[in-house]
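# Observations on the three-dimensional arrangement
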Amino acid sequence: MAYPFERLASGFRQLEATSSRLEMINILAKIFSEATAENVHMIVYLLQGRVAAPYTGIELGIGEKLAMRAISQAYGADLSEVEALYKELGDLGLVAERLCSGKKQMTLFSQPLTVERVYNNFYRIATASGSGSQDLKLRLLVDLLNDAKPLEARYIVRIPLGKLRLGVGDATILEALALAKTGNRDFREKLERAYNLCSDLGYVARRLFEGGPEAIENFKIVVGIPIRPALAQRAQSAEEIIARLGTCAAEAKYDGFRCQIHKKGNKVWIFSRRLENMTDMFPELIEGTLKQFDAEEAIFEGEAIAYNEETGEFYPFQVTIQRKRKYGIKEASEEYPLRLFAFDIMYLNGEDLTGKPYEERRKILEDRIKRGDVLDLSERVIVSTAKELEDFFESCVERGLEGIVAKDLKAPYIAGARKWAWIKLKRSYRGELSDTLDVVIVGYYKGRGKRSQFGLGGILVAVYDKKEDLFKTIAKVGSGFTEEQLREMKKLLDEIALPHKPARVVSKIEPDVWVEPKYVITVAADEITRSPNHTAGWDGERGYALRFPRIVGWIRSDKGPEDATTVDEVIEMYKSQKRVEVREGEEQ
Ligand code: AMP
């Protein structure tokens, strides 16, 4: 049975208005409880403003000009009228809603919209290409707007513009699916495992609706569909790592970008850390995989880094990152060829290896790679003492590497999670926290005095509470910005401003403007302190806060809000900072 789009649109409106995550889950569960195996994936994608999982590379997007033309055609308004209303309301979704409600009654020929029809039109918009594609997109959008009710029109315009901004995260959707289908939120864990193996929320939802909980429990890896990457915890010292892992492997930490490579016969796919399909960007890695990786089917992982063949040196990250581009690929691959240091394997010739211990996986990886110009193995040693680990760390840092990643010899590959199976130790700087934090911007302050000219004086930032799936504040940051960055950030944040606190943000302070938790930025600080003002790690009286925070670098396009530093990591950093202080005190 088709799902009325009107019902989904009214769910969207409720989601937009709520500032409580619990309520958000209940609204979503209600939406899902009326879905079927045929349309649940469409609903899941539409909730995220998409039509397919990110790995497919199918991105829904239209420009404002096209949206304005569609609104003008559908509602018989002049373009100038649409533009004027846009100036007044600041949101083309609201413009469409307003003009739609002024329109005469539906004609005899109009058909109420269904999720199926909306999704199919959006899918065609997302995949249209070549000459005539602009006209086709326009027609498809006008077709929907013609039959839309005012509230539906609001979302039909916002979705392809990328302005849906409901703030529902993956974990929230999974929890609501669990609740809707099994009546038990705890089933989220099982769904999460399936999601970690395929990174496609829509597909997981469909399998759940088609095959019930059993289908989720028997979920399998598929070559060509990316696995969510395992992530590393952080440590402050070699001693800490040995205390946790005992004898372990220490691998060089390369500062490039992570690639998950899939191979099936002659076909190769390459996925980024965020699981975007980057296959076309790196022709030399495809060639290298076909030449140097001995398997019919495989999924393996490594860090790609630009390499100077003349001198045998690695280029810094700023050079490597230039390889992430859509145009001039051939030239760039000749100028800055990549080398891939493979460090793990998850799948081989029909067999899921994720449950095998690291040491076994590494042996399999070593057997399958013919080391050469493009593919190589990550350098590693087995260490049993802090001294051995420290020596290897120093030798890596001396050679310009970022540090090391220590690995538990017995641990399985834990997809999509940050566990102590992998522990990173990075170069540290005295007098500062040795590691930076990746925080999510949740609001901004308008700025006084000199800063008032930019309209932005500082930002309110949060870390991610993974257990609760909430963002908790940790600092106000006003330092480290250039004037250019202040201007640019104001513009970006205004596009995602919200009239109330976002549902998944927990805060004791109120910024001048709330924004959707979307952008991740790296901050450095002198130390982590306890504070009654911030909610990260709240114990009833105090949370954790950053002392002298300052931004370093710019918004991280490779990280989404749920990839930010977590509350648990902050607590670990706080504890190890204490240990360092105590140790230094003892030495004196
Ligand atoms: P970070 O981005 O600081 O959390 O560090 C973890 C990242 O280090 C991983 O996502 C990889 O991209 C990268 N990395 C570099 N070398 C290795 C290695 N030998 N093993 C695992 N990860 C590595």
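Everything below is about the structure shown above.
Residues numbered from 1 in each chain as written. Predicted model: local features only at pLDDT ≥ 70, side-chain atom pairs only at ≥ 80, totals over all residues. Heavy atoms only, no water.

## Some details on the packing of helix α2 (residues 21-33) against helix α10 (residues 170-182)
The N-to-C vectors of α2 and α10 enclose an angle of 55 degrees; their axes lie 8 Å apart at closest approach. With respect to α10, the element α2 is oriented oblique. Where α2 crosses over α10, the two elements pack in a sense that is right-handed. Here R21, M24, I25, N26, L28, A29, F32 and S33 of α2 come into contact with α10, specifically with A171, T172, I173, E175, A176, L177, L179 and A180. Looking at the contact of α2 with α10 residue by residue, the classes come out as 11 nonpolar, three polar and two charged. (Axes fitted to C-alpha atoms, helices over the stretch in contact; angles between N-to-C directions. Helix = DSSP H or I, 4+ residues; strand = E, 2+ residues; numbered from the N terminus. Parallel < 35°, antiparallel > 145°, perpendicular 65-115°, else oblique. Left-handed = near helix turned anticlockwise from the far one by under 90°. Contact = heavy atoms within 4.5 Å. Nonpolar A, V, L, I, M, F, W, Y, C, P; charged D, E, K, R; others polar.)

## With respect to helix α1 (residues 5-17)
The end-to-end C-alpha separation of α1 is 19 Å, in line with the 18 Å expected for 13 residues at 1.5 Å each. All of the buried residues in α1 are F5, L8, A9, G11, F12 and L15. The arc that holds every buried residue of α1, seen down its axis, measures 155 degrees, which confines them to one face. Packing partners of the buried residues in α1 comprise α2, α3 (40-47), α7 (115-127) and α9 (150-161). (Expected span 1.5 Å × (residues − 1). Buried < 20%, exposed > 50% of the residue type's maximum accessible area, 1.4 Å probe, protein only. Arc of directions from axis to C-beta.)

## Here's the deal with the site of the ligand
If you check the shell around the ligand, you find E251, A252, K253, Y254, R258, E303, F343, V405, K407, W422, K424 and K426 and nothing else. Contact between the ligand and E303: an oxygen atom at 2.5 Å from a side-chain N or O atom of the residue. K424 is positioned with one of its side-chain polar atoms (N or O) 2.4 Å from an oxygen atom of the ligand. Of all the secondary structure elements, the ones that give two or more residues to the shell around the ligand are β2 (248-253), β11 (403-407) and β12 (418-426). (Near = heavy atom within 4 Å. Polar contact = N/O pair within 3.5 Å; in protein donor to acceptor, adjacent residues only side chain to side chain.)

## Topic: the packing of α7 against helix α8 (residues 133-147)
The contact between α7 and α8 brings their axes to 9 Å, and the two run at 165 degrees. Viewed along their axes, α7 and α8 adopt a mutual orientation that is roughly antiparallel. The chirality of how α7 crosses α8 is left-handed. Two secondary-structure elements touch here, α7 through R117, V118, N121, F122, R124 and I125 and α8 through L136, K137, L140, L141, D143, L144 and D147.

## So, the sheet that holds strand β1 (residues 231-234)
An order of β1-β12-β11-β2-β10 is seen for the five strands of this open sheet, with the pairing classed as mixed. Only two strands of the sheet have a single neighbouring strand rather than two, namely β1 and β10 (380-383). In this sheet, adjacent strand axes meet at a mean angle of 35 degrees when their direction is disregarded. Bridge analysis of β2 against β11 gives five bridges, and the strand direction is antiparallel. From the neighbouring strand, K253 faces β11, where its bridge partner is G403. Sitting on the sheet, helix α13 (residues 238-245) touches β1, β2, β10, β11 and β12, and the angle it makes with β12 is about 160 degrees. Against the sheet, helix α17 (residues 358-368) makes contact with β2, β10 and β11, and its axis sits at roughly 150 degrees relative to β10, the strand it touches most. (Pairing = 2+ DSSP bridges.)

## Side note on the nonpolar core
Within the largest apolar cluster, 104 residues are counted, with the highest numbers of intra-cluster contacts made by F32 and F122. Shared between two domains, this core holds at least three residues of each, these being domain 1 (50-161) and domain 2 (231-429). Residues contacting F122, with those up to four places away along its chain left out, are L46, V51, L60, L141, L144, I156, I159 and P160. Within the second largest apolar cluster, 34 residues are counted, among which are Y444, F454, L456 and L492. (Core = buried A, V, L, I, M, F, W, Y, C linked by side-chain atoms within 4.5 Å. Domains from an automatic or database assignment.)

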